[in-house]
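Chain by chain, the residues:
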Amino acid sequence: MVRVPARGQEMTFEVSRRSLLKGMVGAVAAAGLPHSTRAEGPVVKSDVFSVLVDIPRCIGCRACMRGCQRANDLDAPQDLMDMEHLESRLEPTHNLWTVVNREGVETRRHVKRQCMHCLEPACVSVCPVAALHQTEAGPVLYRESRCIGCRYCMVACPFDVPRFEWNNGLTPVIGKCQFCASQRLFKGLPPGCVEACPTGALKFGRRDEMLFEAKARVHARPDVYVPHVFGEEEVGGTSWLYISDVPFEKLGFKKNLPKRPLPSLTWDVVSWIPGIVAVLGSLFGLLAFNLSRKTHSPSAPKDEA
Ligand code: SF4
Ligand code: SF4
């Protein structure tokens, strides 16, 4: 405790033995916290909604982009959303939630991107006002009414998905794929992009079924597909899964993503903070206690001449 002195008095520190002991016990207890109370590996959420993207089947028609715009009543300019403009690279924006671009150098493929609807979403774990949240059925949803515009989600997302409405100075929002949850999924309909795809490059279902389907396709055509389902394990698993005939890293997919969910990695760091704070608090407490004792100890007897 710091006692504010009356005018003319020296400031003194008083530390009770009880509070000192409490601090030290707290330090020991906090330092002994488990490193992670979250999942250590891929998360088991087999029945969430899922989409399988079969990259070799995509012809780059961008019908899925238009389907997304229709389903979600978005107003991004339509003029680039056709095959003639495929050489024009498109980036997602707050009102363009999915894009299809030509990727790769030696072998080119059309790759659709959108929110991956992670099983353990980093964006949700960092949002301080729960503007982003995960539904039981899997879709990770954004609530505009709660958003304070801090943009932590943009920093946290390992797939660079959330986009900010930079041109709105007053009430900017974040834009990202909502999995057509309220418009379609919860009414028993597939997402707008899946419905619009004319080639079957997108398949909608439950995640365990889509994972099974992905592995079956890869297994049946080892001469075509690379032996990897992107999204099965990356960052703990995602609801959107991809199979490809070109190594994923050659199509711009991130390599070496951790298998553990990102929120659990963050928790490893965060869980040490109470311990560090408590230890520092105890050290300061000890210092203050010693200072206090010195202040109150009787003066040494003066030498008698
Ligand atoms: S891809 Fe990004 S925005 Fe989508 S759920 Fe995962 S962390 Fe959130
Ligand atoms: S609608 Fe299907 S084929 Fe067309 S760009 Fe989208 S995923 Fe590819």
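Structural data are supplied above this passage.
Being a predicted model, the structure only gives us computed values, none of them experimental.

Colleague: It is not clear to me how the overall build of the chain should be interpreted in this structure. Could you clarify?
Modeller: Helix and strand counts for the chain come out as 8 helices and 11 strands. Within the chain, buried positions represent 44% of all 305 residues. In the chain, of all internal contacts separated by at least 6 residues, the share reaching a separation of at least 24 is 62%. Taken as a whole, the chain presents about 17300 Å² of accessible surface, with 58% of it coming from carbon and sulfur.

Colleague: I keep staring at the pairing of strand 11 (residues 240-243) and nothing clicks. Help me out?
Modeller: Along any regular strand, the residues point their side chains to alternate faces of the sheet. Side chains Trp-240 and Tyr-242 of strand 11 all project onto a buried face; the interleaved residues Leu-241 and Ile-243 project onto the opposite face, where all are buried too. Pairing between strand 3 (residues 49-54) and strand 11: 4 bridges, direction parallel. Bridging from a neighbouring strand, Leu-52 pairs with Leu-241 of strand 11.

Colleague: Help me out: how do you make sense of the sheet that holds strand 11 in this one?
Modeller: Neighbouring strands of a sheet are bound in pairs by backbone hydrogen bonds; such pairs are parallel or else antiparallel. What the 3 strands build is an open sheet, ordered 10-3-11; its pairing is mixed. Here the strands that pair on one side only, and so sit at the sheet edges, are strand 10 (202-206) and strand 11. Across the sheet, the mean angle separating the axes of adjacent strands is 25 degrees when strand polarity is ignored. Lying over the sheet, helix 6 (residues 207-220) contacts strand 3, strand 10 and strand 11, oriented at roughly 135 degrees with respect to strand 10.

Colleague: How should the site of ligand 2 be read in this particular structure?
Modeller: Near ligand 2 you find Cys-58, Ile-59, Gly-60, Cys-61, Arg-62, Ala-63, Cys-64, Val-100, Cys-197, Pro-198, Thr-199 and Leu-202, and these make up its full shell. Residue composition of the shell around ligand 2, by class: 9 nonpolar, 2 polar and 1 charged.

Colleague: Quick question: what am I supposed to make of the pattern of salt bridges here?
Modeller: When charged atoms on two side chains of opposite charge get close, those side chains can pair. On inspection of all chains with the given rule, the structure shows 16 salt bridges. Here the salt bridges share partners, and the residues they tie into one network are Arg-89, Glu-91, Glu-103, Arg-113, Asp-160 and Arg-163.

Colleague: Which parts of the structure should I look at to understand the packing of aromatic side chains?
Modeller: Geometrically, a pair of aromatic rings is defined through the distance of the ring centres and the angle of the planes. A complete count under the given rule lists 9 aromatic pairs for this structure. Ring plane angle 70 degrees and centroid distance 6.3 Å describe the contact between Phe-159 and Phe-230, whose orientation is recorded as edge-to-face. Of the two residues, Phe-159 sits in the loop between helix 4 (152-156) and strand 8 (163-164) while Phe-230 sits in the loop between helix 6 and strand 11, which places them 71 residues apart along the sequence. In this pair, the class of Phe-159 matches that of Phe-230, namely buried. A ring pair is formed by Phe-164 and Trp-166, whose centres lie 4.8 Å apart and whose planes are at 75 degrees; its orientation type is edge-to-face. Members of the aromatic cluster, connected to one another through ring pairs, are Phe-159, Phe-230, Tyr-242, Phe-248 and Phe-253. In this structure, Arg-113 is placed above the aromatic ring of Phe-253, and the distance from its NZ or CZ to the ring centre is 4.8 Å. Positioned above the aromatic ring of Phe-164, the side-chain terminus of Arg-151 is 4.7 Å from the ring centre.

Colleague: Is there a simple way to think about the nonpolar core in this case?
Modeller: Most often, soluble globular proteins have nonpolar side chains that are buried together. Ranked by size, the top nonpolar core spans 44 residues in total, and within it Phe-159, Leu-202, Trp-240 and Tyr-242 carry the most contacts. Excluding residues that lie within four positions of it along the chain, Leu-202 makes contacts with Val-51, Leu-52, Val-53, Cys-64, Lys-112, Cys-193, Val-194, Cys-197 and Trp-240. By size, the runner-up hydrophobic cluster in this structure holds 10 residues, among which are Cys-127, Ala-131, Leu-132 and Val-173.

Colleague: Is there a simple way to explain helix 6 in this structure?
Modeller: Given 3.6 residues per turn, any residue in an α-helix points the same way as the ones three and four places further on. With 14 residues, helix 6 extends 20 Å from end C-alpha to end C-alpha; this agrees with the ideal 20 Å at 1.5 Å per step. Where helix 6 is concerned, the buried positions are Arg-207, Met-210, Leu-211, Ala-214, Arg-217 and Val-218. All buried residues of helix 6 project into a common sector of 130 degrees when viewed along the axis, lining one side. Exposed positions of helix 6 whose direction lies more than 90 degrees from the buried face are Phe-212, His-219 and Ala-220. Buried residues in helix 6 make contact with strand 3, strand 10 and strand 11.

Colleague: Hey, could you run me through the environment of Asn-95 in this one?
Modeller: Along the polypeptide, Asn-95 turns up in the loop between helix 2 (63-72) and strand 4 (99-103). Each C-alpha atom, one on Asn-95 and one on Asn-72, is 9.3 Å from the other, the two residues being 23 residues apart in sequence. Polar contacts involving the side chain of Asn-95 include one to the side chain of Asp-75, which spans 2.8 Å.

Colleague: Can you walk me through the site of ligand 1 in this structure?
Modeller: Of all residues adjacent to ligand 1, which total 14 residues, the nearest are Cys-115, Met-116, Cys-118, Cys-123 and Cys-157. Taken together, the residues of the shell around ligand 1 sort by class into 12 nonpolar, 1 polar and 1 charged.

Colleague: In this structure, what is going on with helix 2? I would like to understand it.
Modeller: When you tally the buried positions in helix 2, you get 8 out of 10 residues, the bulk of the element. If you check which residues of helix 2 are buried, you get Ala-63, Cys-64, Met-65, Gly-67, Cys-68, Gln-69, Ala-71 and Asn-72. Tucked inside the fold, the buried residues of helix 2 contact strand 4, strand 5 (109-113), helix 5 (192-196) and strand 10. Once helix 2 finishes, Asp-73 follows within two positions and takes phi at roughly 55 degrees, a positive value.

Cut-off values and rules
Residues numbered from 1 in each chain as written. Chains lettered and ligands numbered in written order. Predicted model: local features only at pLDDT ≥ 70, side-chain atom pairs only at ≥ 80, totals over all residues. Heavy atoms only, no water. Helix = DSSP H or I, 4+ residues; strand = E, 2+ residues; numbered from the N terminus. Buried < 20%, exposed > 50% of the residue type's maximum accessible area, 1.4 Å probe, protein only. Contact = heavy atoms within 4.5 Å. Areas by Shrake-Rupley, 256 points an atom, 1.4 Å probe, with all protein chains shown as cover. Pairing = 2+ DSSP bridges. Axes fitted to C-alpha atoms, helices over the stretch in contact; angles between N-to-C directions. Near = heavy atom within 4 Å. Nonpolar A, V, L, I, M, F, W, Y, C, P; charged D, E, K, R; others polar. Salt bridge = Lys/Arg side-chain N within 4 Å of Asp/Glu carboxyl O. Phe/Tyr/Trp six-rings, centres within 6.5 Å; stacked < 30°, edge-to-face > 60°. Lys NZ or Arg CZ within 6 Å of the ring centre and 35° of its normal. Core = buried A, V, L, I, M, F, W, Y, C linked by side-chain atoms within 4.5 Å. Expected span 1.5 Å × (residues − 1). Arc of directions from axis to C-beta. Polar contact = N/O pair within 3.5 Å; in protein donor to acceptor, adjacent residues only side chain to side chain.

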